[in-house]
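Tertiary structure, described
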Amino acid sequence: MRNAEGAPGPTGGEAPNPEETYGADPALDQPPGVNAVSVLLSFGKCLGALLPVYLAGYFGFSISLVVFGLMVYMGWKCTREGKETRLRAALHQLEQEQDLTGTRIFRSKRDLPTWVNFPDVEKVEWLNKVLQQAWPFLGQYTEKLLLETVAPSLRASSPHLQTLSFTRISLGDKALKVVGVKAHTEMDRRQVMLDLYLSYVGDVEINVEIKKYFCKAGVKGIQLHGMLRVILEPLIGDVPLVGAVTMFFIRRPRLDINWTGLTNLLDIPGLNVMSDTMIMDAISSFLVLPNRLTVPLMADMHVAQLRSPLPRGIVRIHLIEADALAPKDTYIKGVMKGKSDPYAVLRVGTQTHTSRTIDNNLSPHWGEMYEVIVHEVPGQELELEVFDKDPDQDDFIGRMKMDLGAVKKAGVLDEWFTLKDVQSGRVHLRLEWLSLLPSADRLEEVLQKNLTVSSKTADPPSAAILVVYLDRAQELPLKKGNKEPSPMVQLSVQDTTRESKTCYSSSSPVWEEAFSFFIQDPRKQDIDIQVKDDDRALTLGSLCIPLSRLLMVSDLTMDQWFQLDSSGPASRIYIKAILRILWLNDAAPPTTPVSPSPSVLVPGEAGGDEEEGVKPGVSPGGVSVTPTPPITRPQHTNPEQSFASEGVLRIQLLQAQNLVAMDNFMMVKGKSDPYAVIRTGGVAFRSRVIKENLNPTWNEMFEVILTELPGQEVQCELFDKDLDKDDFLGRFKVSLKDIITSQYINQWYSLADVKSGRVHLILEWLPRMTETARLDQMKKSGKEPKAGVELTLKNTSHRTKVCDRSNAPEWEEGFSFLVHDPREEILFVKISHSWGMPLGSLVLPLREVLTGPDLVLDRWFNLDGAQSDSQILLRVALKILVSRETECGRGEVSATPLGEEGEMQDQPVPTPELSAANQDLRHRGVPMQGAVDHDNSSVGQVKLSLSYSSDENRLVIIVYACRRLPSCAKDGSDPYVSLILQPDKSRATKRKTNVKKKDLNPEFNERFDFELSLEESRRRKLELAVKNSVSFMSRERELIGKIHIDLAQLDLTSGVTQW
């Protein structure tokens, strides 16, 4: 028998040689010199370990110093080994994630990655493959950055670092890994929000050496775990589609660094906590909320609003009481259990509040109130921990955690929360969501409500929040000797002071920082601003702004330059101050808290409390049970901050000149057939085509509703209409910011990317003001309106002519509409000045016409949104249509035509008329609103199920079957069902079933899900059509029938299923 190398192996009767089986002793194979060196090294280590003991005895030091040094060494060694163990375990887990996840999937859900725990978190392995592929090149860039940029800067910063150099730079082979991605698209349509769950367990190695001091330091291995939120906003209608990228950690990430060289000293117990805290503070100062890193993607993007946005809201936390806490104080060496001295620590991001300590009580009652700023929901969490106060180290009693998005959704939460990581204990909290109002109309009401709020904390409840954005200063005075100052700013409101960063050696510093203050009464408080040198001794200027000034300006915002007092003649500072009133929408009743004791009886139940000696509604511990407040209807709406902040841009396309001739015939230059396409805010308008004209005149007007976002533009492109592909005639862009600043622009714009051509536009930004104020202004100016009327019924609109300036216009025009069900439909009449500013409106339900003589209303109607004496004279007449047969493809057959007109003008409708006594409408199409005409058995029907799934947050529509469909051909029909939720311009909700061949009673049994909220679902209308599948060249009719169902009239939570 031979081994792999061909040497004879041991036979079955021979015992194997141990040296052949396990290998010879490596010490025997080494030369004697190597053994001697190893022995000397071992002796040197032993001597080095005994040397401190000898030196301590030689110099007469106490033995305690030696013991202390040994303790420090052992602590350092333990910390060091712990870091290396964690790094090796993390690397192993990262490499074997799939196997480890499979083995633990039935054991513990807490150990699973986010993409397994949460179904809305997606696993993006393709992104990890891209990162792994690009990681070596990122390492090359990092090496170049450190050697060519960072090292020279460090050497120039201090004479002690002149010999600094990077001896090794390697990011290793382990790339950053994205464990999961969660996308939030329900917050704001103008942004995309992504949560990236990052995990980096890297074998990075970076070594630094300072040769002058023989000093070496470095890093070998880093762990970083956390959730990074990335916000892409604003979304714009131009390349690169995103104006800026903002990123930040909502909570502090977990960081673990394995030091080498001299930085090993940072692993000494005590120093390791301090160093880790300093590093995390440095990271938090620019990448953890409320700090954000914003990268603009457009040149003119003003990132101040993105870097320091207004908070989402304020949460008022009432720490009421706790119950059944664990006893931590013991007596007689733990034989007898005592009680605890509990106190609570509450954290929201970087905001921390600590309650007072209640001595010897397992059911403490605090009754304290705190207010915290919420920057991001969902995402930010309230963390509460309860401790037992001790002289040495406080004992842990329990913790709870919850996402503040639940508070925003509920408005008010009043509940008991069970403490985690302990055997027993719960805490009673009342959480209130305070919205930010940009108006001072409810300030007095808020101040009155705050008087009723009781709390044992020193700070009273706030009525408003002040956000100050400190931008820059100019022309600050110089110090003695004409030296440039190093200014910083102190901002104070009452007893609260904030400090900005220091801008070194600059008389025109740029800070770009935001600060927030809680305000108890803005009518009596002010903000004091002091600009000082970095030593805080020299004052460079001061400013005092009473907050009552903010109450008098529009939107409670001041955005301007302020002249500094006690400063230079040209010294000024630019500040944006925003005041927001804190409003609690307490119309909805809070959730009823669970009683902390089972012995508490609700008044009115059996077992009277009086017999027990306990008052009704009071627990034996003296804790009162808060009664459920009565349900009251809200008196006002509580919209978001962005509500009604839009403006209207009016674009008047007048004419063009000197356009390029694109149509050539037989080598002879001809002309062009120009038309214009105008895009802004994601909306596109197209003008009509002017045939064979290089100087076309359009005189067309377009209007679009826009939100004032940075980076938006109005883009105009001209094309030559051709049979195949339209030719390009030029383009130009106008910044929306310039239009808003000028309010009105009337000028020619030269076309780019072509030889010649220009376009004449009028761009007008319509200011937002009340109609009454606008009408009064028009009256004072002596100008009468140019009135026009627009009449709308469902999706059909008609416009009258625009009358000359007059307070009593006369149109004398008539219009006709097709009406499907006059008992449900509504006619809208809108009067406006030149199709722009509204002058009044009228909402007329057609069921009122059914009550009139001969189905006619002919009278004056009062106008809404106008002066009290403003009226319009209308004649509205209904004519009933009766059809004897229903043809295939008629689909949506009208039941009634409607005629209406101004100034008593009659417009005859050539249809049979029924008497007023016979007002029973006979429908020959599919009935409206899902109702079924059982008297007419020939009408085709469709069976539907409409419901809303609260668990899945989606609207569910099930199409079961159709019956009694009319035949569209000799051999029947090929029906299918098409449905869409209106309004839907992009047709994203359009769905259709499979085609059933030659079947007039088809069964589909198909389900369609729509990712919509319940409120959004109720605002939609289902448009369902039964169609016949036909070929392109077929003469058969396609539409069989159609129905419209208003989802607001259905109980979607219970579900509706019917024919």
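Residues numbered from 1 in each chain as written. Predicted model: local features only at pLDDT ≥ 70, side-chain atom pairs only at ≥ 80, totals over all residues. Heavy atoms only, no water.

Turning next to the overall build of the protein. Summing up its helical and strand segments, the protein has 17 helices and 51 strands in all. Buried positions account for 41% of the 1059 residues belonging to the protein. Within the protein, residue pairs in contact and separated by at least 24 positions form 62% of the contacts whose partners lie at least 6 positions apart. Of the roughly 59,600 Å² that the protein leaves accessible, carbon and sulfur atoms contribute 54%. (Helix = DSSP H or I, 4+ residues; strand = E, 2+ residues; numbered from the N terminus. Buried < 20%, exposed > 50% of the residue type's maximum accessible area, 1.4 Å probe, protein only. Contact = heavy atoms within 4.5 Å. Areas by Shrake-Rupley, 256 points an atom, 1.4 Å probe, with all protein chains shown as cover.)

A residue-level look at the protein finds 75% of positions with pLDDT of 70 or above and a mean pLDDT of 77. Predicted confidence for residues 105–111 stays below pLDDT 50, and this span has 4 contacts to residues more than four positions away or in other chains. Segment residues 769–782 is flagged for pLDDT under 50; beyond a separation of four residues in sequence, or across chains, it makes 14 contacts in the model. (pLDDT = per-residue confidence, 0-100.)

In any sheet, the strands associate via hydrogen bonds between backbone groups, in a parallel or an antiparallel arrangement. Taken together, the 4 strands give an open sheet; going across it, the order is S30-S29-S32-S33, and neighbouring strands pair in antiparallel fashion. The open sheet has two edge strands with one neighbour each: strand S30 (683–686) and strand S33 (727–735). Each adjacent strand pair in this sheet contributes to an overall mean axis angle of 15°, direction not counted. Pairing of strand S32 (residues 713–720) with S33, which is carried by 8 bridges, proceeds in the antiparallel orientation. Paired with glutamine 715 across the bridge in S33 is lysine 733. (Pairing = 2+ DSSP bridges. Axes fitted to C-alpha atoms, helices over the stretch in contact; angles between N-to-C directions.)

Attention now goes to the nonpolar core. Judged by nonpolar contacts, the single largest core of 37 residues is most densely connected at Leu466, Phe517, Ile527, Ile573 and Ile575. Per-element accounting of this core gives the leading share, 6 residues, to strand S25 (residues 572–584). Contact partners of leucine 466, with chain neighbours within four places excluded, come to Val493, Phe515, Ser516, Phe517, Ile519, Ile527, Leu547, Leu550, Ala577, Ile578 and Leu579. (Core = buried A, V, L, I, M, F, W, Y, C linked by side-chain atoms within 4.5 Å.)

Below, the discussion takes up unusual backbone geometry. A negative phi angle is the norm for most residues apart from glycine, just as the trans form is the norm for most peptide bonds. Here the residue pair glutamate 233 and proline 234 is connected by a cis peptide bond, since its omega of -10° sits within 30 degrees of zero. Looking at where proline 234 falls in the secondary structure, it is placed in strand S4 (residues 215–235). Despite not being glycine, arginine 536 has its phi angle at roughly 65°, a positive value. Residue placement: arginine 536 occurs in the loop between strand S22 (526–533) and strand S23 (539–546). Note on arginine 536: relative accessible area 36%, which makes it partly exposed. At asparagine 699, a residue that is not glycine, the phi angle is positive and equals roughly 55°. Note that asparagine 699 resides in strand S31 (residues 697–706).

Turning next to the side chain of threonine 142. With respect to the element layout, threonine 142 can be found in helix H7 (residues 125–157). A polar contact is formed between the side chain of threonine 142 and the backbone oxygen of leucine 138, at a distance of 2.9 Å. (Polar contact = N/O pair within 3.5 Å; in protein donor to acceptor, adjacent residues only side chain to side chain.)

Once that is clear, we can look at the packing of aromatic side chains. One pass over the structure, following the stated rule, counts 8 aromatic pairs. On the basis of an interplanar angle of 0° and a centroid distance of 5.0 Å, the ring pair of phenylalanine 732 and tyrosine 749 is categorised as stacked. Here phenylalanine 732 is found in strand S33, whereas its partner tyrosine 749 is found in strand S34 (residues 744–750), with 17 residues between them in sequence. Of the two residues, phenylalanine 732 and tyrosine 749, both sit in the buried class. Three or more aromatic residues joined by ring pairs form one cluster here, namely Tyr343, Phe387 and Phe396. The lysine or arginine in question, arginine 426, covers the ring of tryptophan 416, its NZ or CZ lying 5.1 Å from the ring centre. The ring centre of tyrosine 976 lies 5.7 Å from the NZ or CZ of lysine 992, which sits over that ring. (Phe/Tyr/Trp six-rings, centres within 6.5 Å; stacked < 30°, edge-to-face > 60°. Lys NZ or Arg CZ within 6 Å of the ring centre and 35° of its normal.)

Bringing the side chain of lysine 532 into the picture now. In this fold, lysine 532 is placed in strand S22. No salt bridge is formed by the buried lysine 532. Its closest oppositely charged neighbour is glutamate 499, at 7.3 Å. Polar contacts involving the side chain of lysine 532 include one to the side chain of glutamine 490, which spans 3.3 Å. What lysine 532 contacts, discounting residues up to four positions off in sequence, is Ser486, Pro487, Met488, Gln490, Leu538, Thr539 and Leu540. (Lys, Arg positive; Asp, Glu negative; His and termini not counted. Salt bridge = Lys/Arg side-chain N within 4 Å of Asp/Glu carboxyl O.)

In this section: the sheet that holds strand S37 (residues 796–799). The 4 strands are arranged S37-S36-S39-S40 in an open sheet whose pairing can be described as antiparallel. Edge strands, defined here as strands with exactly one partner in the open sheet, are S37 and strand S40 (837–845). For this sheet, the mean inter-axis angle between neighbouring strands, taken without regard to orientation, is 15°. Bridging between strand S36 (residues 787–793) and S37 involves 4 bridges; their strand directions are antiparallel. Its bridge partner being in S37, threonine 792 is matched across the sheet by serine 797.

On to a nonpolar patch on the surface. Taken together, the side chains of Leu51, Tyr54, Leu55, Tyr58 and Phe59 define a hydrophobic patch exposed on the protein surface, amounting to about 580 Å² of accessible area. Along the polypeptide, leucine 55 turns up in helix H3 (residues 32–58). Taking the relative accessible area as the measure of exposure, leucine 55 reaches 34% and is therefore partly exposed. (Patch = residues over 30% accessible without salt bridge, like charges linked within 9 Å, V, L, I, M, F, W, Y side chains within 5 Å.)

Right, let's get into helix H11 (residues 443–451). The set of residues buried in H11 consists of Leu443, Val446, Leu447 and Asn450. Around the axis of H11, the buried residues are gathered within 100° of arc, so they sit on the same side. Structurally, H11 contributes buried residues whose contacts are with strand S8 (313–323) and S25. (Arc of directions from axis to C-beta.)

With that settled, consider the pattern of salt bridges. Counted by the stated rule, this structure contains 40 salt bridges. The closest approach of N and O atoms between aspartate 521 and lysine 524, which form a salt bridge, is 4.0 Å. With a shortest N-O distance of 3.1 Å, arginine 688 and glutamate 700 are connected by a salt bridge. Of the two residues, arginine 688 sits in the loop between S30 and S31 while glutamate 700 sits in strand S31, which places them 12 residues apart along the sequence.

With 7 bridges connecting them, S36 and strand S39 (residues 826–833) associate as antiparallel partners. The residue bridging leucine 791 from the neighbouring strand is valine 829, located in S39. Bridging between S39 and S40 involves 8 bridges; their strand directions are antiparallel. Directly across from lysine 830, in S40, lies its bridge partner serine 841.

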